[in-house]
Amino acid sequence: MSAVFEGYERQYCELSSNLSRQCSAASSLDGGKQKKQKISEIKAGMDDGDTLIRKMELEARSLQASMKASLLVKLKEYKTDLNNLKSELKRITSAANNNKDELLELGQADTLAVSSNDHRGRLVMSTERLNQSSERIKESRRSMLETEELGAAILQDLHQQRQSLLHAHNTLHGVDDNIDKSKKILTAISRRMSRNKWILGSFMAAIVLAIIVILTIKVSR
């Protein structure tokens, strides 16, 4: 539920209870200036109630559809409650202007006050149930956030492990490249040594052959 709506709601419930008490007090007065002053105070409070209901309605209509529907139902009950209080004030005012009907008006006001109190009790119960539902929703939201954080941490660990595996793979690939290069170098060195052996052997064979030729020539002389 919107925190702004809850603030307006608490103000209205307090105002409604105060107006109900003021109406009951005004009903018990005989008349005169004191009763007129009380009626003026009640009218001013009802104007404040109208203002709070308009603010609650604007706030409720600005919310998401899932929350707006339940808040508009509550708002309808508050409008009914305020209309009942206005009707009660109207009867009190009529009684002040017509002393002959004062007893009848007071009886009707008491009946309406009892009905309004019963209705207000139902509103309080509905508010409590809605607050309990809000707490359950908040708890579910906290659990979801904790689950999301745990999932994000697991994904981060998996990403780090993947990076480590890729690094190890690249390292092994580099080692393989170095081994291939070493093999090529060793092969080239081996070929060069073989070629040098053939050259040295050929050179030694030529020297031996030259010595044999020289000796042969000397012997024949």
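What this report covers is the structure whose coordinates are included nearby. (Residues numbered from 1 in each chain as written. Predicted model: local features only at pLDDT ≥ 70, side-chain atom pairs only at ≥ 80, totals over all residues. Heavy atoms only, no water.)

### A closer look at the overall build of the protein
If you tally the helices and strands in the protein, you get four helices and zero strands. When the helices and strands of the protein are listed from N to C terminus, the series reads α-α-α-α. Once local pairs closer than 6 in sequence are excluded, the contacts in the protein between residues at least 24 apart make up 76%. Of the roughly 16000 Å² of accessible surface on the protein, 59% is carried by carbon and sulfur atoms. (Helix = DSSP H or I, 4+ residues; strand = E, 2+ residues; numbered from the N terminus. Contact = heavy atoms within 4.5 Å. Areas by Shrake-Rupley, 256 points an atom, 1.4 Å probe, with all protein chains shown as cover.)

### Comments concerning the nonpolar core
Among soluble globular proteins, nonpolar side chains are generally buried collectively. Tyr12, Leu19, Ile42, Met46, Ile53, Met56 and Tyr78 are the most contacted members of the largest nonpolar core, which has 22 residues in total. Of all the secondary-structure elements, those providing two or more residues to this core are α1 (3-28), α2 (33-61) and α3 (65-97). Once residues within four sequence positions are removed from consideration, Ile42 is found in contact with Leu19, Gln22, Cys23, Ala26 and Leu89. (Core = buried A, V, L, I, M, F, W, Y, C linked by side-chain atoms within 4.5 Å. Buried < 20%, exposed > 50% of the residue type's maximum accessible area, 1.4 Å probe, protein only.)

### A closer look at the packing of α1 against α2
Contact pair α1 / α2: the axes reach a minimum separation of 9 Å and the direction vectors enclose 160°. The angle between α1 and α2 places the two elements in the roughly antiparallel class. In the packing of α1 onto α2, the handedness of the crossing is left-handed. Taken together, the residues of the contact of α1 with α2 break down into 14 nonpolar, four polar and seven charged. (Axes fitted to C-alpha atoms, helices over the stretch in contact; angles between N-to-C directions. Parallel < 35°, antiparallel > 145°, perpendicular 65-115°, else oblique. Left-handed = near helix turned anticlockwise from the far one by under 90°. Nonpolar A, V, L, I, M, F, W, Y, C, P; charged D, E, K, R; others polar.)

### Notes on the pattern of salt bridges
Counting across every chain of the model gives six salt bridges. The partner of Lys79 in a salt bridge is Glu57, with the nearest N and O atoms 3.5 Å apart. Of this pair, Lys79 sits in helix α3 while Glu57 sits in helix α2, and the two are 22 residues apart along the sequence. Residue class for Lys79 comes out partly exposed when judged on its relative accessible area of 33%. Glu57 sits in the partly exposed class, given a relative accessible area of 21%. Linked through salt bridges whose partners overlap, the residues forming this network are Glu57, Arg61 and Lys79. (Salt bridge = Lys/Arg side-chain N within 4 Å of Asp/Glu carboxyl O.)

### With respect to the packing of aromatic side chains
Inspection of the entire model under this criterion finds one aromatic pair. Ring geometry for Tyr12 against Tyr78: centres 5.2 Å apart, planes inclined by 50°, an arrangement best described as tilted. On the criterion of sequence distance, the pair formed by Tyr12 in helix α1 and Tyr78 in helix α3 is long-range, its members being 66 residues apart. (Phe/Tyr/Trp six-rings, centres within 6.5 Å; stacked < 30°, edge-to-face > 60°.)

### Some thoughts on α2
With 29 residues, α2 should reach 42 Å at 1.5 Å per residue; the first-to-last C-alpha distance of 42 Å fits that figure. Buried residues of α2: Lys35, Ile39, Ile42, Gly45, Met46, Gly49, Leu52, Ile53, Met56, Glu59 and Ala60, and no others. (Expected span 1.5 Å × (residues − 1).)

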